[in-house]
Amino acid sequence: MSGTETFKVIRVIGNNVVMVQGGKKELEYVILGKGIGFGTKTGDAITSDDPRIEKLFKLEDREQWSQYHHLLEDFDPKVLEITDEILNSITTEFPGKLNDKVYLALPSHIQFTIYRIRKGMDIINPFLEETKISFPKEYEIALKAAEMIGRAFNIEVPEDEVGFLTYHVYSAVSHVPVGQLVKASNMVGRLVNIIEQDRGIQFKNGSMDHVRLLMHLRFSVDRILNQSVNVDNPFAEQIKSKFTSEYGLAKHLAEVMEQDLGSPIPEAEVCFLAMHLYRLFRGRTQQSSQAKEEF
């Protein structure tokens, strides 16, 4: 946008969201920015060089406008207030620009969550343990967010929902879409099940083995999805020849990841996974032997 343009406020959605109209073509926009709606009233003017503006959505076609307008109009003002408090708590712990989408995604998620709880609908999160382990700081913020929501609406927010809120917190600060986080968590859970079935074992939730395995798989899946890290393993050939059983299992896991994630799995990544599996199984064998000796 070149030059300074002026917009007229149509509606204040919340402290961080306003609907405006204006600019050179008199189009409708949604403006996002920390504090942009605080003290602002309908009819007020906001200029394009306002330092509070973080994101300006141009809604040129009527279908897109109707979609956002309907969503924003349906928000409970109280939900938007709680969202502002939660976003403030996030920026306190994670200074910097938040993901633009959180300003609409988070209140939408909170409002639907409140609806489900009040209707007595179950909220089941199969990724809860993995989420707590992978994103501990974000989980703590989500836990406080759940307490805010519970107090404001006189409801009890279950821990499974805290896990889903954690995704929104992480997405807000990392700019990774919530959908990608869910996809990664689903993949990690599937890989753990394959390992358990292959070796006839079951990991105890929260155990050291379980935590280490989840973290390794999570980092591996994230690297593959983001394709931002070049993995180099100078011991790849030694691992393949020395740990044949673990390499075979790692290769199978890689094939599953490649099929589901739609991305090629580097051989170095497979070998790192094989090494981790070797250490994991060796550690469990040693623990089992020690337990028998003590008995």
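Cut-offs applied
- Residues numbered from 1 in each chain as written.
- Predicted model: local features only at pLDDT ≥ 70, side-chain atom pairs only at ≥ 80, totals over all residues.
- Heavy atoms only, no water.
- Helix = DSSP H or I, 4+ residues; strand = E, 2+ residues; numbered from the N terminus.
- Expected span 1.5 Å × (residues − 1).
- Contact = heavy atoms within 4.5 Å.
- Patch = residues over 30% accessible without salt bridge, like charges linked within 9 Å, V, L, I, M, F, W, Y side chains within 5 Å.
- Areas by Shrake-Rupley, 256 points an atom, 1.4 Å probe, with all protein chains shown as cover.
- Salt bridge = Lys/Arg side-chain N within 4 Å of Asp/Glu carboxyl O.
- Buried < 20%, exposed > 50% of the residue type's maximum accessible area, 1.4 Å probe, protein only.
- pLDDT = per-residue confidence, 0-100.
- Phe/Tyr/Trp six-rings, centres within 6.5 Å; stacked < 30°, edge-to-face > 60°.

### Some details on helix H5 (residues 136–153)
Structural remark: α-helix, 3.6 residues per turn; residues separated by three or four positions point the same way. With 18 residues, H5 should reach 26 Å at 1.5 Å per residue; the first-to-last C-alpha distance of 26 Å fits that figure. On its buried face, H5 sits against helix H2 (77–93), helix H3 (102–118), helix H4 (128–134) and helix H6 (159–174).

### A look at a nonpolar patch on the surface
Taken together, the side chains of Phe112, Tyr115 and Met121 make up a nonpolar region of the molecular surface, amounting to roughly 320 Å² of accessible area. You can call Phe112 partly exposed: its relative accessible area is 47%.

### Concerning the environment of Lys251
Position of Lys251 among the secondary structure elements: in helix H10 (residues 244–261). Apart from the residues within four sequence positions on either side, Lys251 is in contact with Glu267 and Val270.

### Concerning the pattern of salt bridges
Counted by the stated rule, this structure contains 12 salt bridges. For the salt bridge of Arg218 with Asp222, the shortest nitrogen-to-oxygen distance reads 3.6 Å. Here Asp222 and Arg218 lie together in helix H8 (residues 208–226), a separation of four residues that amounts to about one turn. Here the salt bridges do not stand alone but share partners, grouping Glu237, Lys240, Lys251 and Glu267 into one network.

### Overview of the confidence of the model for the protein
When pLDDT is averaged along the protein, the result is 85, and 88% of the positions lie at 70 or above. By mean pLDDT, helix H1 (residues 62–74) is the weakest element of the protein at 57, and H5 is the strongest at 97. Low pLDDT (under 50) marks residues 288–295, which in the prediction has zero contacts with non-local residues, meaning those over four places away or in another chain.

### Some details on H10
With 18 residues, H10 ought to run about 26 Å at 1.5 Å a step, and its terminal C-alpha atoms sit 25 Å apart, in line with that. Two residues or fewer past H10, Gly262 is found with a positive phi of approximately 70°.

### Focus on the packing of aromatic side chains
Here a ring pair, both rings aromatic, is described through the centre-centre distance and the interplanar angle of the planes. Per the stated rule, a full pass over the model turns up four aromatic pairs. An angle of 70° between the planes, with centres 5.0 Å apart, marks the rings of Phe7 and Tyr29 as edge-to-face. On the criterion of sequence distance, the pair formed by Phe7 in strand S1 (residues 6–14) and Tyr29 in strand S3 (residues 27–32) is long-range, its members being 22 residues apart. Just as Phe7 is buried, Tyr29 falls in that class too.

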